[in-house]
Amino acid sequence: MSRWRKLLIFISIIGPGIITANIDNDAGGITTYSVAGARFGYTLLWTLIPTTIALIVIQEMIARMGVITGKGLSDLIRERYGVKVTFFMMIVLLVANFGTTVAEFAGWAASMEVFGLSKYIMVPLGAFLVWILVTKGSYKIVERILLGACLLYLGYVFSGFMSKPDWSLIAQNTFIPSMKWDTEFIILTIAIIGTTITPWMQFYLQSSIAEKGISRAHYKASRFDVIVGCFITDIIAFFIIITCATTLFPHGIRITEAHEAALALKPFAGQYASTLFAVSLANASILGAIVVPLATAYYICEAMGWEAGVDKTFKDAPHFMWIYTTLIVISSLLVLIPGAPLILLMILSSLLNGLLLPFVLIFALRLVNDKKIMGEYTNKRSRNLISWGTVIVIIALTATLAFMTVTPMWKE
Amino acid sequence: MPLFGELFVSEILKKPVLDPRGDDLGRVKDVLVIKGEPLPRISAIIIEKKKAQYLLKWDSLSIFNKRIISAKIYADKLEVYSPSADDLLIVRDIFDKQIVDANGAKVVRVNDVKLEGLNGDACLIAVDVGMRGILRRLGVERNGENLVQVFGKTLTYNLISWNYIQPLEPRLTTISLTIPRQMLSELHPSDIAEIISQVSHKEGVILFEGLDPDAAAEALHELRPDMQAAIIDKMDSEHASEIIERMPADEAADVISDLPTEKAQELLGMIEREEAESISELLGHEEDTAGGLMINEFIAYPPELTVSEAIERFRKDAGELEEAYYIYVADAKEKLLGAISLRDLILAPTDAKLSDIMQDKLQTVAPETDEKVVAGIISKYNLLALPVVDKDNVILGMVTVDDVVDLLLPPASRKKRRKV
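Residues numbered from 1 in each chain as written. Chains lettered and ligands numbered in written order. Predicted model: local features only at pLDDT ≥ 70, side-chain atom pairs only at ≥ 80, totals over all residues. Heavy atoms only, no water.

Caption draft 1: Fine view of the overall build of chain B. When helices and strands are counted, chain B shows 19 helices and 21 strands. Pairs at least 24 apart in sequence give 57% of the contacts found in chain B among residues at least 6 apart. For chain B, the accessible area works out to roughly 20100 Å², and carbon and sulfur atoms hold 50% of it. (Helix = DSSP H or I, 4+ residues; strand = E, 2+ residues; numbered from the N terminus. Contact = heavy atoms within 4.5 Å. Areas by Shrake-Rupley, 256 points an atom, 1.4 Å probe, with all protein chains shown as cover.)

Caption draft 2: Region of interest: the overall build of chain A. Helices and strands together make up the secondary structure of chain A, namely 18 helices and zero strands. With 412 residues in all, chain A has 62% of them scored as buried. When contacts within chain A are restricted to residue pairs at least 6 apart in sequence, long-range pairs at least 24 apart make up 82% of them. Here chain A displays about 16400 Å² of accessible surface, and carbon together with sulfur accounts for 72% of that area. (Buried < 20%, exposed > 50% of the residue type's maximum accessible area, 1.4 Å probe, protein only.)

Caption draft 3: Highlighting the pattern of salt bridges. Applying the stated rule across the entire model yields 24 salt bridges over all chains. With a shortest N-O distance of 3.1 Å, E60(A) and R64(A) are connected by a salt bridge. Of this pair, E60(A) and R64(A) both sit in helix α4 (residues 48–69), four residues apart, which is roughly one turn of the helix. The same class applies to E60(A) as to R64(A), namely buried. Two residues, E6(B) and K114(B), come together in a salt bridge whose shortest N-O distance is 3.0 Å. Taken together, the positions of E6(B) in strand β1 (residues 6–8) and K114(B) in strand β12 (residues 112–118) put the pair 108 residues apart, joining distant regions of the chain. Taking the relative accessible area as the measure of exposure, K114(B) reaches 11% and is therefore buried. One salt-bridge network, in which partners are shared between bridges, spans D112(B), D128(B), R132(B), R136(B), E141(B), R142(B) and E145(B). (Salt bridge = Lys/Arg side-chain N within 4 Å of Asp/Glu carboxyl O.)

Caption draft 4: Spatial organisation of a nonpolar patch on the surface. All names here are of chain A. A surface patch of nonpolar side chains, amounting to about 390 Å² of accessible area, comprises F88, I91, L94, V95 and L348. Counting residues per element, the nonpolar patch draws most heavily on helix α5 (residues 73–114), which supplies four residues. The class for F88 is partly exposed, based on a relative accessible area of 48%. (Patch = residues over 30% accessible without salt bridge, like charges linked within 9 Å, V, L, I, M, F, W, Y side chains within 5 Å.)

Caption draft 5: Structural detail: the sheet that holds strand β19 (residues 336–341) of chain B. All names here are of chain B. The mixed open sheet is built from three strands, whose spatial order is β17-β18-β19. The sheet is open, and its two borders are formed by β17 (300–301) and β19, each paired with just one other strand. Two elements, strand β18 (residues 326–330) and β19, share five bridges in a ladder whose sense is antiparallel. Note that in β19 the partner of V329 across the bridge is G338. (Pairing = 2+ DSSP bridges.)

Caption draft 6: View of the interface of chain B and chain A. Facing 33 residues of chain B, the contacting portion of chain A comprises 40 residues. Regarding the contact of chain B and chain A, the summed buried area is about 3500 Å², with carbon and sulfur atoms giving 53% of it. The interface formed by chain B and chain A holds three salt bridges in total. With a shortest N-O distance of 2.3 Å, D75(A) and R109(B) are connected by a salt bridge. Viewed at the interface, chain A and chain B are joined by eight residue pairs in polar contact (both at pLDDT 80 or more). Where the side of chain B that touches chain A is concerned, the elements lending two or more residues are β11 (106–109), α3 (131–137), α7 (201–210) and α9 (225–234) of chain B. (Buried area = accessible area lost by both parts, 1.4 Å probe. Polar contact = N/O pair within 3.5 Å; in protein donor to acceptor, adjacent residues only side chain to side chain.)

Caption draft 7: Local environment of the packing of aromatic side chains. For the coordinates displayed, the defined rule picks out 16 aromatic pairs over all chains. On the basis of an interplanar angle of 45 degrees and a centroid distance of 6.4 Å, the ring pair of W131(A) and F314(A) is categorised as tilted. Residue W131(A) is found in helix α6 (residues 119–136), and its partner F314(A) is found in the loop between α14 (271–304) and α15 (318–336); the two are separated by 183 residues along the sequence. Note on F314(A): relative accessible area 27%, which makes it partly exposed. Ring geometry for F203(A) and Y299(A): centres 4.9 Å apart, planes at 40 degrees, overall tilted. Of this pair, F203(A) sits in helix α11 (residues 199–212) while Y299(A) sits in helix α14, and the two are 96 residues apart along the sequence. Of the two residues, F203(A) and Y299(A), neither departs from the other in class, the shared state being buried. Taken together, the ring pairs in this structure connect F128(A), W131(A), F314(A) and W322(A) into an aromatic cluster. Here R39(A) stacks its cationic end above the ring of F40(A), 4.6 Å away from the centre of that ring. Lying across the ring of F8(B), R136(B) places its NZ or CZ 3.4 Å from the centre. (Phe/Tyr/Trp six-rings, centres within 6.5 Å; stacked < 30°, edge-to-face > 60°. Lys NZ or Arg CZ within 6 Å of the ring centre and 35° of its normal.)

Caption draft 8: Spatial organisation of the pairing of strand β4 (residues 41–49) of chain B. Residue and element names in this part refer to chain B. Sheet topology note: the strand β3 (residues 24–34)/β4 ladder contains seven bridges and is antiparallel. Residue V28 lies in a different strand from β4, and its bridge partner there is I47. Between the end of β3 and the start of β4, which pair antiparallel, lie six residues. Adjacent in sequence and paired antiparallel, β4 and strand β5 (residues 52–57) are bridged by two residues, among which K50 carries a positive phi angle near 50 degrees.

Caption draft 9: Representation of the confidence of the model for chain A. Taken as a whole, chain A shows an average pLDDT of 83; of its residues, 94% reach a score of 70 or greater. Averaged over each element, pLDDT in chain A is lowest for helix α1 (residues 3–13) of chain A (63) and highest for α15(A) (92). (pLDDT = per-residue confidence, 0-100.)

Caption draft 10: Region of interest: α14(A). Residues and elements named next belong to chain A. For α14, built from 34 residues, the straight-helix expectation of 50 Å at 1.5 Å per residue is met to within 8% by its first-to-last C-alpha distance of 49 Å. Counting buried positions along α14 gives 29 out of 34 residues, so the element sits mostly inside the fold. One or two positions beyond α14, positive phi appears at G305, with a value near 80 degrees. (Expected span 1.5 Å × (residues − 1).)

Caption draft 11: Quick look at a negative patch on the surface. A contiguous patch of negative charge on the surface is contributed by E272(B), E274(B), D317(B) and E320(B). One can find E272(B) in the loop between α12 (261–270) and α13 (273–283). (Lys, Arg positive; Asp, Glu negative; His and termini not counted. Charge placed at Lys NZ, Arg CZ, Asp CG, Glu CD.)

Caption draft 12: Looking closely at unusual backbone geometry. All names here are of chain B. Here K50, not a glycine, exhibits a phi torsion of approximately 50 degrees, which is positive. Along the chain, K50 falls in the loop between β4 and β5. K50 sits in the exposed class, given a relative accessible area of 77%. With phi around 70 degrees, N393 is a residue other than glycine that occupies positive phi space. Inspection of the secondary structure puts N393 in the loop between β20 (385–389) and β21 (395–400).

Caption draft 13: Main features of the environment of I134(B). Of note, I134(B) is situated in helix α3. Judged by its relative accessible area of 0%, I134(B) falls in the buried class. The spatial distance from the C-alpha of I134(B) to the C-alpha of D96(B) is 9.9 Å, given a sequence separation of 38 residues. Beyond its immediate chain neighbours, meaning those up to four positions away, I134(B) contacts V83(A), F87(A), M304(A), W306(A) and N111(B).

Caption draft 14: View of the nonpolar core. Grouped together as the largest cluster of nonpolar side chains are 135 residues, with contacts concentrated most on M65(A), L73(A), W200(A), F203(A) and F320(A). Among the nonpolar cores identified, the runner-up in size contains 60 residues, and A229(B), A249(B), L293(B) and I377(B) belong to it. (Core = buried A, V, L, I, M, F, W, Y, C linked by side-chain atoms within 4.5 Å.)

Caption draft 15: Main features of α11(A). Residues and elements named next belong to chain A. The terminal C-alpha atoms of α11 lie 21 Å apart, and with 14 residues this matches the ideal 20 Å at 1.5 Å per residue to within 8%. When you tally the buried positions in α11, you get 14 out of 14 residues, the bulk of the element. Downstream of α11 by a residue or two, G213 has a phi angle that is positive, lying close to 65 degrees.

Caption draft 16: Region of the structure containing the confidence of the model for chain B. Per-residue confidence for chain B gives a mean pLDDT of 81, with 90% of residues at or over 70. Across the interface, the model reports ipTM at 0.72; the global pTM reads 0.69.

Caption draft 17: Spatial organisation of the packing of helix α2 (residues 16–24) of chain A against helix α12 (residues 219–247) of chain A. All names here are of chain A. At a minimum axis separation of 7 Å, α2 and α12 run at an interaxial angle of 20 degrees. Between α2 and α12, the angle is such that the two are roughly parallel. Remark: the crossing between α2 and α12 carries right-handed chirality. Across from P16, G17, I18, A21, N22 and D24 in α2, the residues of α12 making contact are D225, V226, V228, G229, C230, I232 and T233. Looking at the contact of α2 with α12 residue by residue, the class counts come to seven nonpolar, four polar and two charged. (Axes fitted to C-alpha atoms, helices over the stretch in contact; angles between N-to-C directions. Parallel < 35°, antiparallel > 145°, perpendicular 65-115°, else oblique. Left-handed = near helix turned anticlockwise from the far one by under 90°. Nonpolar A, V, L, I, M, F, W, Y, C, P; charged D, E, K, R; others polar.)

Next up, the structure:
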């Protein structure tokens, strides 16, 4: 095999891990990181290290299942746990992802308003483009656009450098954990880990690996793809926190939304950094608006045994197309309705995600340890210890986060 | 114990089973099936009480329908059941598994299984793959019916007869079901490829091994390149080499080049020598160049041959060739002099020499020419095949139109296997 050929095979395998990881930094994630940087400066940077480790442990396991079984996670859950469990899981996932899609369109609307473009034009336009891309386009086009859009995340790295941060202070805060006994601090710590590991990602990653048909022989390359993806996710997060921490934190500027960060950056980091930040947010939001509904439609159809595929038509795959279309239409309309309960919906969505994650992770761990499914590729004892440990910590954190997101509602 | 009429397995699950006194023996957990003619039949039902499982033979039942199930025997006579991988259990092994539906060339899932009484037995007659089955499993079939009636529609039954279903592996434990092998072989290779791209690797390999080598070779060609290599890699070498042997040399070379080196060498060693040599020769060229695309089997005759001699020789030679659109005319050193289309050859006077009737203004390309350029030339000059020559004009092979047709089509209609 020539060196070129080897490289080509390698390139053909990488992708799922990197795409999944990038899309993980969606509108919600970016908001969390921006707010964390603006509110607490560099002090939360250390959370990215445990986050990366947890992400790698979980994603590696999911990727391995995809390679060994050649099936998606929803396929395996359906075959092992039956239609009832799967059905309810899919309903929760549908509602949760609906909330996430709303958040993506809200992020898109906000970033467009940074440029002075009316959301009443840009949201329908964005929704229409997203819709036409998948219903009329082919898979190849969709994949290329996704990969291209992933590159745009580099915008955050540039804006990070443009803010001229204090690197020695950053290094110190990254490697030495610090805690403050402040509710907001704790919430943000948990939120950083919580927004990084979501139920839909697990389904998405395993399906895309299974779809790619990556064989055992190429598993190493695939694992590399996943690990690189995990690092990229957190490197982007790292630069978002840095940007906001360097420019907004010293001036005590409080923000609650990612687009406010873009606006607030202008006087301190300059026009370009501000624009880069807004463009990256727009990109992340629209990417999320493509992938979240698409992934939702995919695994619901897989689990239920319905036809699915970007290359199919409404006639061939009606369930798939209608789930996708409905998600996009309703979410984009909701963003446009003045006074629509968006915050409530997003809270509900993160709550449902929090509820679902333990099930997804526990199912995944049990499946990965099933000899009948995984053969000799089950988790080794030491890895099981780490995985179960990670899963328990994530579940505890997510539960706390979900609880905290909901409690303010009771107070009001 | 006869079953009158029909029922769905999900309708009896978790139903209590009563003994002759009317005491509770346990609840239905699963249904054990054995082979039968013409259809598989129930040999026993598995009941569960306080986490212990018992086997209740079909003969020991006295009433069996969706409202009531009762046995002739008492609790102390129940046989303890320990699950075995060899048994075929409807809930464990058939429910929720994939079915490859050959008619629509798509994958569906088993939502429920339908039983029917036949000569005193309960036979497995069909699997439910529709929405109704899902709703029934969730216990809301009636509600679902009412709901769609509001919209003026009815829920249709979507059943596949068991006759069309055959286990993919001898033991049904963790695998999917598929349509009968013969039916699969009758499908168009593109459809087979479509099905294979939708099941897991392991099942894909099994499906492939069930096909006859000719059909397999064609279906393999229709698969995505990375999938081709993955499947061949996992197949046993004998089977794989047989399939490779039946592929045109250029396609075989593409597949082999994607395999791990050892496997590739092993396969090449098992293939008929002549074929293996042409493949090895093609492996030397980059995939997306004329050299990588070309077939190195072609017909070339000396210029002094007469038309009738040429036709005579062509009859013998062409049988083994993949494509024969043109007869090339080459000198003793294999230098390309001209080409004659079959039509021109047949219409020419039988005593004419090939050199008299050949076209000598030929389009040719070098082996390292980019595939897009090759496609452009083939399209521009309306060729069926384009000869590939080295710098001394020695003919090496030809690129046929079907190898570049993908490059000529707009992206949407190219061969593509799904998705995200």
